[in-house]
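Letter by letter, the chains look like this.
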Amino acid sequence: MTVNSANLSKNQIRMLKTFQIEQNEFLKEIGNIARFTGKFFRTVIKPKQEYKEFLNQCFWIGFKTLTLVGITAFIMGLVLTIQSRPTLVEFGAESMLPAMVSVSLIREIAPVITALICAGKIGSGIGAELGSMRVTEQIDAMEVSGTNPFKYLVVTRVMAATLMVPVLSSLANAISLYGGYLGVNIRGSVSWNLYWFQVFDALSFGDLLPAIVKTFFFGFAIGIIGCYMGYYSKKGTEGVGRSATTAVIVASLLVFILDLIAVQVTDLLGLT
Amino acid sequence: MKKIAPIVEVKNLYKSFGSNHVLKDFSMEVSPGENIVVLGKSGSGKSVLIKCIINLIQADSGILKILNQSIQDMGEDEVDQLRSEIGFLFQSNALYDSMTVRQNLEFPLRRHWSVEQRKQGAERAVLEALSDVGLAHTIDMMPAELSGGMKKRVALARSLILKPKVILYDEPTTGLDPITSREISELMVKVQKKYNATSIIISHDMNCIRITSNRVIMLIDGKNYAEDTFENLQKSTDPKIREFFD
C-alpha cells in the first residue's frame, strides 16, 4: 500500500513537472507572439513600403480564396435555410425565415466560417511558405542582400490578410444570402423583391458594423499567426509541416476567442 | 615595411548554443585580395563563423571587423549598407523559388539602387553577372528548372550583382559531382580575380580547397588551430591536421 502510494506520488510529481514545463512553454510562446506582433507595428510604419508585394499578396489571399469562400457561403446559406424551415413551420413563423436566416448569417455564421476557411487556407499557406523559406535559407538570403525580410514577407502578408478577410467576408455575406433565397424557394415561393425586402428589414446597422469590424481582427490574427509560425519554423521538412498545422490550429482558436470578445464588446456597447 | 590592414578581422570570437560551445576564442585576419579557406569537421562551427561575420548570427563576445567597420556596433541600416559590399553564397543556394533567375538577381538591387538606377542599369547588371557564370541564357527560367550546378552558379551570380569587396562561400561544392565541383571552384577563382574580391570559403572538399585557397585556416575545437598554405598543411605531421588529408 505504501509502495503504491509512493508510486502514485512519483507519477503525480512527474505529471506536475510535465504540466509545469508545458505551461512555461505555452506562456513563452504567447510572449514570443506578442513580441512578434509588436515588431509588426514597429515595422509597418517604417519606410519604405513594399506596395508591389502587398498587392501580390492581396491577389493570392483575396482573389485565390474567393472561389472556396463563395462556394462555402452559398452552401451555408442554402443549408441553414433548409434546416431552419421545419422549426419555423412548427411555430407558424415560416414568413420569418428570410429575416432569421439573414440575421444569423450576417451576424455570426458568414464572418466566422469565412475566417475559419481563411485560417485553413491562408494560415497554412503562409506558414508553409515562410517555413520553407526559412528552412532553405531564403529569409537569410534576403537579410544578407540588405532587404528587411520582416517588412517584405511579414508586413505585406499580415496587411493583405487584414484587408482581404473583411472583403471575403462581405462577399460571403452576399453569396450566403443568395443561397438563402434559393433555400426559401425550394419548398416555398417568395419573390426576389420580397425576400430582399425582408432581409434588409430584419438587419440593422448594429448587425452589420460589428460583424464587419471583427473580420479585420480575424484577418490580422490569421496573418500574424501564419507568419509567426512560418518565420520561426524549426529546421527540416517536419518543421515546415508543423508550422503549417500549428498556424491553422492557433489561428482557428484565435478566431473563436476574438469572436467571443467581439460579442461581449458589442453587447457592452448596446449594439445587439 | 608598411603592414596592409586586414579587410576582415576576427578576434577572440566566442559563440555558444546552450551548452554547446562552438567557437572558443577564434581569431583570424584576412588581407585584401586573399582567398582564405576555413577547414574543419562537420559541426565544428565553420558556417556559424561566417554567419557571425555577416551578423546573421550574433556572436557572444569578441571583435568582428569587416572593411574596417565593427559590424556588431552598427545599427540596422548601417549593417544593410555594409552588407551591400559583401556577397554570400549559401550552402543551399537559397534562390527565391517563386521568382525567375532575373528577379532573383534583381532582388539585392531593390535596396541599394534607386528606381532610376534600376531602370537604366538593372538589365545590364543582371546579364553581366549571369555571363560571368556562363548562364546568361537562363535569365527567364525558374530555379526549379535548373540543375544543382546551375543553381549554384546563379546563386554565385546573385552574390556578385552588387560587385562585393568580400565574398563569403558556405560549402560551395557540397552535393555536387566532382566535375561540377571543379568547375565551381575554378569559377570562384575567376570571379575573385575579375572583381578583385576577397573570399572566405568554408569547405572540406580537398579539391576545392586546393584550387581556391591562398591560405587555409584549420578550425578545430572552436579555435584557429593552424593556418598555412594548403601544400604546407598537407605536409604537416600533426595528427589533428593529418586527419583531414589522410
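Residues numbered from 1 in each chain as written. Chains lettered and ligands numbered in written order. Predicted model: local features only at pLDDT ≥ 70, side-chain atom pairs only at ≥ 80, totals over all residues. Heavy atoms only, no water.

**Side note on the overall build of chain B**
Which entries qualify depends on this criterion: The helix and strand labels rest on DSSP assignments: H or I over at least four residues marks a helix, E over at least two residues marks a strand, and numbering proceeds from the N terminus. When we talk radius of gyration, it's over C-alpha atoms, and the globule rule is simply 2.2 Å times the number of residues to the 0.38. Relative accessible area decides the class of each residue, using a 1.4 Å probe on protein chains only: under 20% of the type maximum gives buried, over 50% gives exposed, and in between gives partly exposed. Whether two residues touch is decided by their heavy atoms; if any such pair falls within 4.5 Å, the residues are in contact. Where accessible areas are quoted, they stem from the Shrake-Rupley method and a 1.4 Å probe; at the residue level, only the protein chains shown are allowed to cover. When charges are tallied, Lys and Arg are placed among the positive residues and Asp and Glu among the negative ones, while His and the ends of the chain are skipped. Every charge is mapped onto a representative atom, which is NZ of Lys, CZ of Arg, CG of Asp or CD of Glu.
On a plain count of helices and strands, chain B comes out with nine helices and ten strands. A compact globule built from 246 residues should have a C-alpha radius of gyration of about 18 Å, and chain B, at 18 Å, falls within 12% of that. With respect to the principal axes defined by its C-alpha atoms, chain B has extents near 55 × 45 × 45 Å. In chain B, buried positions account for 55% of the 246 residues. Considering only intrachain contacts with a sequence separation of at least 6, the fraction spanning at least 24 residues in chain B is 67%. Carbon and sulfur atoms form 49% of the exposed surface of chain B, whose accessible area is close to 11200 Å². Charge separation in chain B, taken as the distance between the mean sites of 32 positive and 32 negative side-chain charges, equals 2 Å.

**A look at the confidence of the model for chain A**
For residues with low pLDDT, the predicted coordinates do not support detailed interpretation. Quick reminder of the rule: As a per-residue measure, pLDDT tells how confident the predictor is, with possible values from 0 to 100.
On average, residues of chain A score 91 in pLDDT, and 97% of them are at 70 or above. Per-element averaging of pLDDT across chain A places helix H1 (residues 2-44) of chain A at the bottom with 85 and helix H5 (residues 149-187) of chain A at the top with 95.

**Observations regarding the UniProt feature "transmembrane region" (unreviewed entry) in chain A**
Residue and element names in this part refer to chain A. The cut-off we apply is this: UniProt positions are given in the numbering used here, feature names are shortened, and annotations may be inferred rather than shown by experiment.
Residues annotated in UniProt with the feature "transmembrane region" (unreviewed entry) correspond here to residues 59-82, 158-181, 211-232 and 244-265. Across residues 158-181 one finds 100% helix and 0% strand; the C-alpha atoms that close the span lie 35 Å apart. The annotated region residues 211-232 carries 95% helix and 0% strand content, and the separation between its end C-alpha atoms amounts to 32 Å.

**Describing the sheet that holds strand E5 (residues 69-70) of chain B**
Residues and elements named next belong to chain B. Rules: Any two strands with at least two DSSP-identified bridges between them are counted as paired.
If you walk across this open sheet you meet the four strands as E2-E1-E4-E5, and the pairing is antiparallel. Every interior strand has two partners, whereas the edge strands, strand E2 (20-30) and E5, have only one. Relative to E5, strand E4 (residues 61-66) runs antiparallel, the two being bridged by two bridges. Among the inter-strand pairings, Ile-66 is bridged to a residue of E5, identified as Gln-69.

**Things to note about the interface of chain A and chain B**
Many structure descriptions define interface size as the accessible area lost when the parts assemble. This is how it is decided: A 1.4 Å probe defines the accessible area here, and the buried area is the portion of it lost by two parts on being joined, summed over both. By definition here, a salt bridge exists when the distance from a side-chain nitrogen of Lys or Arg to a carboxyl oxygen of Asp or Glu is within 4 Å. Pairs of N or O atoms within 3.5 Å make up the polar contacts considered here, provided that, within protein, one atom can donate a hydrogen while the other can accept it, and that residues adjacent in sequence are counted only when both atoms are side-chain atoms. Gly is placed with the polar residues, together with every amino acid not listed as nonpolar (Ala, Val, Leu, Ile, Met, Phe, Trp, Tyr, Cys and Pro) or charged (Asp, Glu, Lys and Arg).
With 16 residues of chain A at the interface, the matching set in chain B holds 22 residues. When the area that chain A buries against chain B is broken down by residue, the three leading residues are A:Glu137, A:Gln138 and A:Val144, summing to 34%. Between chain A and chain B we count three salt bridges in total. With a closest N to O distance of 3.9 Å, A:Lys46 and B:Glu76 form a salt bridge. The interface formed by chain A and chain B includes ten residue pairs in polar contact (both at pLDDT 80 or more). The biggest single contributor to the side of chain A that touches chain B is helix H4 (residues 138-144) of chain A, with six residues. Looking at side-chain class alone, the side of chain A that touches chain B contains four nonpolar, six polar and six charged residues.

**Some words on the sheet that holds strand E9 (residues 215-220) of chain B**
Pairing between the strands of a sheet is mediated by backbone hydrogen bonds and can be parallel or antiparallel. Residue and element names in this part refer to chain B. Put simply, the rule reads: Fitting a line to C-alpha atoms yields each axis, with helices limited to the stretch in contact; the angle taken between N-to-C directions then spans 0 to 180 degrees.
If you trace the six strands from one edge of the open sheet to the other, you get E6-E7-E8-E3-E9-E10, paired in mixed fashion. Unpaired on one side and paired on the other, strand E6 (86-89) and strand E10 (223-228) mark the two borders of the sheet. The mean inter-strand angle of the sheet, taken between neighbouring strand axes irrespective of direction, is 20°. Bridge count between E9 and E10: five bridges; the pairing is antiparallel. Note that in E10 the partner of Leu-219 across the bridge is Asn-224. Those strands touched by helix H1 (residues 46-53) are strand E3 (35-39), E6, strand E7 (166-170), strand E8 (198-202) and E9, and its axis lies near 150° from that of E7. Helix H5 (residues 148-160) contacts E6 and E7 of the sheet and is inclined by roughly 165° relative to E6.

**A closer look at the environment of A:Leu97**
Residue and element names in this part refer to chain A. The residue Leu-97 is located in helix H3 (residues 97-135) in this model. Sequence separation of Leu-97 and Ile-13 is 84 residues, and the distance between their C-alpha atoms is 57 Å. Excluding its chain neighbours within four sequence positions, the residues that come into contact with Leu-97 are Thr-81, Ser-84, Arg-85, Leu-88 and Val-184.

**Some remarks on the packing of H3(A) against helix H7 (residues 205-231) of chain A**
Residues and elements named next belong to chain A. Put simply, the test is: For classification purposes, an angle smaller than 35 degrees is called roughly parallel, one larger than 145 roughly antiparallel, one from 65 to 115 roughly perpendicular, and anything else oblique. Handedness of each helix crossing follows the sense of rotation of the near helix against the far helix: counterclockwise by less than a right angle gives left-handed, clockwise gives right-handed.
Here H3 crosses H7 at 20°, and the two axes come no closer than 7 Å. Classed by the angle they form, the pair H3 and H7 counts as roughly parallel. Remark: the crossing between H3 and H7 carries right-handed chirality. In terms of residue class, the contact of H3 with H7 is made up of 15 nonpolar, seven polar and five charged.

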